[in-house]
Amino acid sequence: MTDKLLLTALALAAGSALARAPLPAALAAVISLFLLRRHLERWALVGFALLLAFGALRARAAIDEAAALHARVTEALGPPGRCEGEAIVLRSPVVQRESAPPGEERGQARIEVEFSQAACERGPIEGPLRARLHGAPEDLARGDRVRLVADLAPVHLFLNESLPDPRPSIARSGVAASGGLVDLERVSRGQGIAAWIDRARVHVRRRIEATFHPEAEPLARALVLGETDLHEADNEAFRRSGLSHLLAVSGTHLVLAVAGLAAAARALLLRVTTLSARFDVGRVSSAFAIPTSWLYADFAGGSGSALRAAGMLSVVMLVRALGRRPSGVRAFGGSLLLAAILDPLVGSDPSFVLSAAATAGLLGLDRPIAERLVRGPAPVRAVLRPIATTLAAMVGCTPFLAMMTPSLSLLGILANLLAAPIGELAALPVCLLHAALAWAPPVERGAALLGSGALLAVRAVARVTSDLGGIVTFPPPTPSQLAAVAVAALAAALAKDALRRGAALALGFAALLVLEQGAAHAGSSKGLLRVRALDVGQGDSILVDLPDGKTMLIDGGGFMGSPVDTGTRVVLPVLRALRKERVDIVVLSHPHPDHFGGLVSTLPAIDVGELWDTGQGEDHGSGPTYAAMLANLRHREIPIRRPDTLCGKHVIGGATVEVLAPCPGFVPDESANDNSFVLRITYGSHAALLVGDAEAAAERALLEKHPAALRADLLKLGHHGSRTSTTPPFLDAVRPSVALVCSGVRNRYGHPDPGVLASLGARAITIARTDRGGDVVWETDGEAVHLSRPSAR
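Everything in this summary refers to the structure shown in the same document. (Residues numbered from 1 in each chain as written. Predicted model: local features only at pLDDT ≥ 70, side-chain atom pairs only at ≥ 80, totals over all residues. Heavy atoms only, no water.)

1. Here's the deal with the state of the cysteines
So the rule is basically this: Count a disulfide wherever a pair of cysteine sulfur atoms falls within 2.5 Å. Helix and strand definitions here come from DSSP, where helices need a minimum of 4 consecutive H or I residues and strands a minimum of 2 consecutive E residues; each element is numbered from the N-terminal end.
For the coordinates displayed, the defined rule picks out 2 disulfides. The partner cysteine of C647 in its disulfide is C663, sulfur to sulfur 2.0 Å. The sign of the -100 degrees torsion about the S-S bond sets the C647-C663 disulfide as left-handed. With C647 in the loop between β15 (640-641) and β16 (648-652) and C663 in the loop between β17 (655-661) and β18 (678-683), this residue pair connects regions lying 16 residues apart in the sequence. The connectivity of the disulfide-linked cysteines in the chain, indexed sequentially, is 1-2, 3-4.

See below:
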């Protein structure tokens, strides 16, 4: 365990964790160095500490540069607008057969380009600009120069304190803008290995589509090309059953593909007697496998897991080529070190982290688990051995899987036992062989038939396992809990005997329980009124923690006609991170998609006390999605309350909640915006006024009916800061110290309006915008008020 190469790699890679979560990562580092003090020289301990600090500085600098880049692009592009110019294709096109955005033809590709020059509606773009574009032809290749017209906007970050920081993805890709292609003309074709690989991918993709069963075709593309574009039902089944790894390009792929080619090369070289007599052809074939592994990893999509596996296989083959015996631990350490040197934020790549964690589990736990589990007659051992291997990999990656998915299947081991042999021993080699059989159509069709059968069998296992249930839901681990897992794993690995190893694991488990209690307490706000505006883009979603621990959720954001679901992307993950399984009151301010869209996926997944709804959506018809949401709530016998039972003051959760509008009910002739719920929530001597999308007409009505009840410290501006809201008389009546603006960098409406911002500035009102720095938290204990921008770090 004290292999210095592996520890060097871990110290450098862990710098990204120290940059993103300084306190828990630093504490874990100090404890780890203390545990290692008897196993390493003092100079080595000092060296690892310096490497960790160096890695953290590199990672922090990369994140800060990504934030600055995003700010520059936001300033340069402004709201979505049309740009035209020349660009070069940077990454392999990713085809979207099943999940193409609305309005995009099925089968077009997503590309990343770098503009050498561009003219946009707001003026020319100075300097290179990288962008991710949808709707491109699938036959483009890296290095292609194109002249294009595109609708571009800054990437929306969905920056929320409780969720993983999205800025490392910008740091790693350099992409801070995205949009859709309007027109594209290829000026010149790219040359070189990368372009050749992309054209090979196009050929293989077309052969898969032409020969595989339609139901198996997306699975084959995922397995061979790394294009994880499954039907939604299949994607959910593989995720819930714990079988997603079978469709991910991993070390198994490289061993079968590259080691198989190396073995074939060795067999051919052995037949050349003049070479085999003078050279060790095994060493030659091992050297041949090194570039081949990187070429295959690139061909298979270049994911973090594929590149890590290519690095580890390259280290193994290099050692063999030098005539030495490879060590799995040192090969693993070498691949991690190479990745950490090349990428200061490699620890932020989910596929890389999962692949590394699974490999670590196999290296450290496979033999101990097998020694205790694999016993009995030969047939029984043959069944138990793969179970031991699956357990070892699952133990390694489970803490990190918990960060990415809210649930895991208890039947995952059984599912892997059934599906892994089919996937790895049948589907994978047949699909890889199929990629090289276009020259023999009958054989190619036969391979496609066999591959389709194997893939559909794996899918059947995933679906059955998913449908059987046994799903365990748990909250995502906090940085402190991940640090505790790391320290416990190190302590167990260093333990000299089983007793000490058990004690280390028991202490680690106890630490997890204590930290879980701390996370639940931090997610609560007893004694405080806390208003948290989530960054959901161009929409509203406000989480209100009441002083006695009850929770209100006001709206859920949403994008009309977009594949982005703010419920699954933001609202549900935030609730889970805050350990909130129940929302006592859900308020739909008014029935517009940018307010109820995210609730559609959120409400079925949580316990809901009651829904407040103006009723205008049902009366005027707000579409099938809204109707289905209400029908689901009624089926669950959740009360749906209307303004006629809500208007007036209520003591809820230790605070006073006053419903000011629409009272006594919505006005049929007014817009949904002007029929928004208007809530004033008071605790002690401080209040927040939340007005939905209320515009000038609603503000005038409030001034007429409740002029004395509008005073508040926090005002959530109506209609995202539109010029149709926040009139001077209304602003003077409220007299807020803080104005909250819920808007997104990609909105086309000019929100917030410059005139409104000027009006706020003239009154010296603090402006907090979700499109500039992410989520906003305002809280009071009834006496003092505190405003924070937790994600603007």
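2. Details of the packing of helix α1 (residues 4-13) against helix α4 (residues 42-77)
Which entries qualify depends on this criterion: Inter-axis angles, ranging from 0 to 180 degrees, are taken between N-to-C directions of lines fitted to C-alpha atoms, where helices are fitted over the stretch in contact. Throughout, a residue-residue contact means that at least one pair of heavy atoms, one from each residue, lies within 4.5 Å. The classification used treats Ala, Val, Leu, Ile, Met, Phe, Trp, Tyr, Cys and Pro as nonpolar, Asp, Glu, Lys and Arg as charged, and all other residues, Gly among them, as polar.
Contact pair α1 / α4: the axes reach a minimum separation of 7 Å and the direction vectors enclose 30 degrees. Contacts from K4, L7, T8, A11 and L12 of α1 reach α4 at W43, A44, F48, L51, L52, F54, G55 and R58. Of the residues assigned to the contact of α1 with α4, the class counts are 9 nonpolar, 2 polar and 2 charged.

3. Here we look at helix α13 (residues 328-342)
Selection rule: Multiply 1.5 Å by the residue count of a helix minus one, and that product is the helix's expected span. Exposure categories follow from relative accessible area, calculated using a 1.4 Å probe and restricted to protein chains: below 20% of the type maximum is buried, above 50% is exposed, and the middle band is partly exposed.
Under the 1.5 Å per step criterion, the end-to-end length of α13 is 21 Å for 15 residues, consistent within 8% with the ideal 21 Å. Turning to α13, its buried residues are A331, F332, G333, G334, S335, L336, L337, A339 and A340. Looking at the buried positions of α13, the neighbouring elements they touch are α1, α4, α12 (304-321) and α14 (350-373).

4. Observations regarding the pairing of β16
Within a regular strand, side chains alternate between the sheet's two faces. Rules: Any two strands are treated as partners once DSSP identifies two or more bridges connecting them.
Examined bridge by bridge, β16 and β17 share 5 bridges and lie antiparallel to one another. Residue G648 lies in a different strand from β17, and its bridge partner there is V659.

5. Comments concerning the pattern of salt bridges
For clarity, the threshold we go by: By definition, a salt bridge exists where a carboxyl oxygen of Asp or Glu is found within 4 Å of a side-chain nitrogen of Lys or Arg.
Throughout the structure, instances matching the rule amount to 45 salt bridges. Residue R186 is joined to D144 by a salt bridge in which the shortest nitrogen-to-oxygen separation is 2.9 Å. With R186 in strand β7 (residues 177-188) and D144 in the loop between β5 (129-136) and β6 (145-154), this pair connects stretches of sequence that are 42 residues apart. Residue R186 is classed as partly exposed on the basis of its relative accessible area of 28%. Since its relative accessible area comes to 0%, D144 is described here as buried.

6. Observations concerning the nonpolar core
Stated formally: In this text, buried Ala, Val, Leu, Ile, Met, Phe, Trp, Tyr and Cys residues form a nonpolar core when linked through side-chain atoms within 4.5 Å.
F212, F238, L243, L247, L254, Y296 and L455 are the most contacted members of the largest nonpolar core, which has 45 residues in total. Every element with two or more residues in this core is listed here: α6 (193-211), α7 (217-225), α8 (232-241), α9 (251-271), α11 (281-299), α12, α16 (412-434) and α17 (441-468). At 7 residues, α16 tops the list of elements feeding residues into this core. Ignoring sequence-local partners within four residues, the contact set of F238 consists of L219, L230, L243, S244, L247, V458, R459 and A462. Counting 30 residues, the second-largest nonpolar core is a separate cluster that includes L646, I652, Y683 and W778.

7. Observations concerning the sheet that holds strand β13 (residues 582-588)
Taken together, the 8 strands give an open sheet; going across it, the order is β15-β14-β13-β12-β11-β10-β23-β24, and neighbouring strands pair in mixed fashion. Across the chains shown, the open sheet's two edge strands, defined by having one partner strand only, are β15 and β24 (785-788). The pairing of strand β11 (residues 542-545) with strand β12 (residues 551-554) spans 4 bridges and is classified as antiparallel. Its bridge partner lying in β12, V544 is registered against M552.

8. Topic: unusual backbone geometry
Cis peptide bonds are those with omega within 30 degrees of zero, and the linkage from C663 to P664 qualifies with 0 degrees. Omega for the peptide link from H751 to P752 comes to -10 degrees, which places this bond in the cis form. As for its placement among the helices and strands, P752 is situated in the loop between β21 (738-741) and α26 (754-762). With a phi angle near 55 degrees, T726 is a residue other than glycine that sits in the positive phi range. Take T726: it is sitting in the loop between β20 (714-716) and α25 (728-734). Residue R735 is not a glycine yet carries a positive backbone phi of 50 degrees. Relative to the helices and strands, R735 resides in the loop between α25 and β21.

9. What about the packing of aromatic side chains?
Using the following cut-off: Any two rings among Phe, Tyr and Trp, with Trp reduced to its six-membered ring, count as a pair given centres within 6.5 Å; such a pair is stacked if its planes are under 30 degrees apart, edge-to-face if over 60, and tilted if neither.
All chains considered together, the criterion is met by 4 aromatic pairs. Measuring from ring centre to ring centre gives 6.2 Å for F158 and F559, while their planes differ by 85 degrees; the resulting arrangement is edge-to-face. Here F158 is found in the loop between β6 and α5 (167-173), whereas its partner F559 is found in the loop between β12 and α20 (566-577), with 401 residues between them in sequence. Accessibility expressed as a relative area gives 8% for F158, which makes it buried. Ring geometry for F596 against Y626: centres 5.7 Å apart, planes inclined by 55 degrees, an arrangement best described as tilted. With F596 in helix α21 (residues 593-602) and Y626 in helix α23 (residues 624-635), this pair connects stretches of sequence that are 30 residues apart.

10. Concerning the pairing of strand β14 (residues 607-613)
Put simply, the rule is: Handedness of a crossover is defined as follows: orient the strands so they point away from the viewer, and if the path from the first strand over the helix to the second runs clockwise, the crossover is right-handed.
The buried fraction of β14 is high, at 6 of 7 residues. Inspection of the sheet shows β13 paired to β14 by 6 bridges, in the parallel sense. Residue pairing in the sheet places V587 in a bridge with W612 of β14. Considered for its hand, the β-α-β crossover made up of β13, α21 and β14 is right-handed. Bridge count between β14 and β15: 2 bridges; the pairing is parallel. Residue pairing for β15: W612 is matched across the bridge by R641.

11. Observations regarding the packing of helix α3 (residues 22-36) against helix α18 (residues 479-494)
We count it as follows: Oblique is the label for every angle not falling under 35 degrees (roughly parallel), over 145 degrees (roughly antiparallel), or within 65 to 115 degrees (roughly perpendicular).
At a closest axis distance of 9 Å, the pairing of α3 and α18 adopts a crossing angle of 10 degrees. Considering the angle they form, α3 stands roughly parallel to α18. Contacts between α3 and α18 involve P24, A28, I31, S32, L35 and L36 on the former and, on the latter, P479, S480, A483, V487, L490, A491 and L494. Split by residue class, the contact of α3 with α18 holds 11 nonpolar, 2 polar and no charged.

12. A look at the environment of T645
With respect to the helices, strands and loops of the structure, T645 is situated in the loop between β15 and β16. When its relative accessible area of 41% is taken as the criterion, T645 is described as partly exposed. Taking the C-alpha atoms as reference points, T645 and C663, separated by 18 residues in sequence, lie 9.6 Å from one another.

13. Considering the sheet that holds β21
Each strand in a sheet pairs with its neighbour through backbone hydrogen bonds, running either in the same direction (parallel) or in the opposite one (antiparallel). Strand order in the open sheet made by the 7 strands is β16-β17-β18-β19-β20-β21-β22, with mixed pairing throughout. At either end of the open sheet lies a strand with only one pairing partner, and these are β16 and β22 (766-769). Adjacent strand axes in the sheet meet at a mean angle of 20 degrees when their direction is disregarded. For strand β19 (residues 686-690) and β20, the ladder comprises 3 bridges, and the chain directions are parallel. Its bridge partner lying in β20, A688 is registered against L714.

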